[in-house]
Amino acid sequence: MTGFTVRRARTADVPLIEKLIEPLVASRVLLGKDRVVFYEAVQEFRIAESAEGEVVGCGALHVMWEDLGEVRTLAVSEGWLGRGVGHALLGTLEADARELGLTRLFCLTFETAFFERNGFEVIGEGVVSPDVYAELVRSPDEGVAEFLDLARVKPNTLGNSRMLKRL
């Protein structure tokens, strides 16, 4: 990691996260979220910060079940692509997942090559048992609905791949 560090996000980072992901939301690579959602989840985020103090990447780890988490809102500033920022953020999120006791990580992405290089595989259905599915389906969280591949989120996820990594 040269030229940047990865750290926990702070509330002051929320507007910077929004600015960073804005082009990805505009091009429909990431789903847009209301600012309040970012503040509610700020403790899930890690920030990649340049030596000059610029936010150049972000990513979040959201716990979905006792053994399962989701990598969310993984984004890198265009000028920092190919410099290891995404890999460093993902590695930090994976370390966080292990610390929490998670053994599997899910993501919904267009960037399948990146996630494959980092050990993720495209998945189908049946990733959780029927009893866990019955519990998860009660969640109001859109990310959980995306994981379960529920019909109500299909218009927002067309073309994305559901991927999983065992830690």
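Summarised in this report is the structure supplied together with it. All of these numbers come straight from a predicted model, not from anything done at the bench.

1. Quick look at the packing of aromatic side chains
Thought 1: Applying the stated criterion to the full structure yields four aromatic pairs.
Thought 2: Arranged with centres 6.1 Å apart and planes meeting at 85 degrees, the rings of Phe4 and Trp80 form a pair that is edge-to-face. Of the two residues, Phe4 sits in strand E1 (residues 4-8) while Trp80 sits in the loop between strand E4 (68-76) and helix H3 (85-100), which places them 76 residues apart along the sequence. Per residue, the accessibility class of Phe4 equals that of Trp80, and both read buried.
Thought 3: Relative to Phe120, the ring of Phe115 lies with its centre 5.1 Å away and its plane at 80 degrees, an arrangement referred to as edge-to-face.
Thought 4: Within the aromatic cluster, the residues linked to one another by ring pairs are Phe114, Phe115 and Phe120.
Thought 5: In this arrangement the basic side chain of Arg83 is found over the ring face of Trp80, its NZ or CZ atom lying 3.8 Å from the centre.

2. Details of the sheet that holds E1
Thought 1: As summarised here, the arrangement of the seven strands in space is E1-E2-E3-E4-E5-E7-E6, forming an open sheet in which the pairing is mixed. Edge positions in the open sheet fall to E1 and strand E6 (121-122), since each of these has one partner strand only.
Thought 2: Relative to strand E7 (residues 161-166), E6 runs antiparallel, the two being bridged by two bridges. Looking at the pairing, Val122 lines up with Met163 of E7.
Thought 3: Across the sheet, helix H1 (residues 14-26) lies against strand E2 (45-50), strand E3 (55-65) and E4, angled at about 90 degrees from E3, the strand it touches most.
Thought 4: Sheet strands touched by H3: E1, E2, E3, E4, strand E5 (104-109) and E7. Its angle to E3, the strand with the most contacts, is close to 30 degrees.

Rules and cut-offs
- Residues numbered from 1 in each chain as written.
- Predicted model: local features only at pLDDT ≥ 70, side-chain atom pairs only at ≥ 80, totals over all residues.
- Heavy atoms only, no water.
- Phe/Tyr/Trp six-rings, centres within 6.5 Å; stacked < 30°, edge-to-face > 60°.
- Helix = DSSP H or I, 4+ residues; strand = E, 2+ residues; numbered from the N terminus.
- Buried < 20%, exposed > 50% of the residue type's maximum accessible area, 1.4 Å probe, protein only.
- Lys NZ or Arg CZ within 6 Å of the ring centre and 35° of its normal.
- Pairing = 2+ DSSP bridges.
- Contact = heavy atoms within 4.5 Å.
- Axes fitted to C-alpha atoms, helices over the stretch in contact; angles between N-to-C directions.

What is shown is where atoms sit, not what they do.
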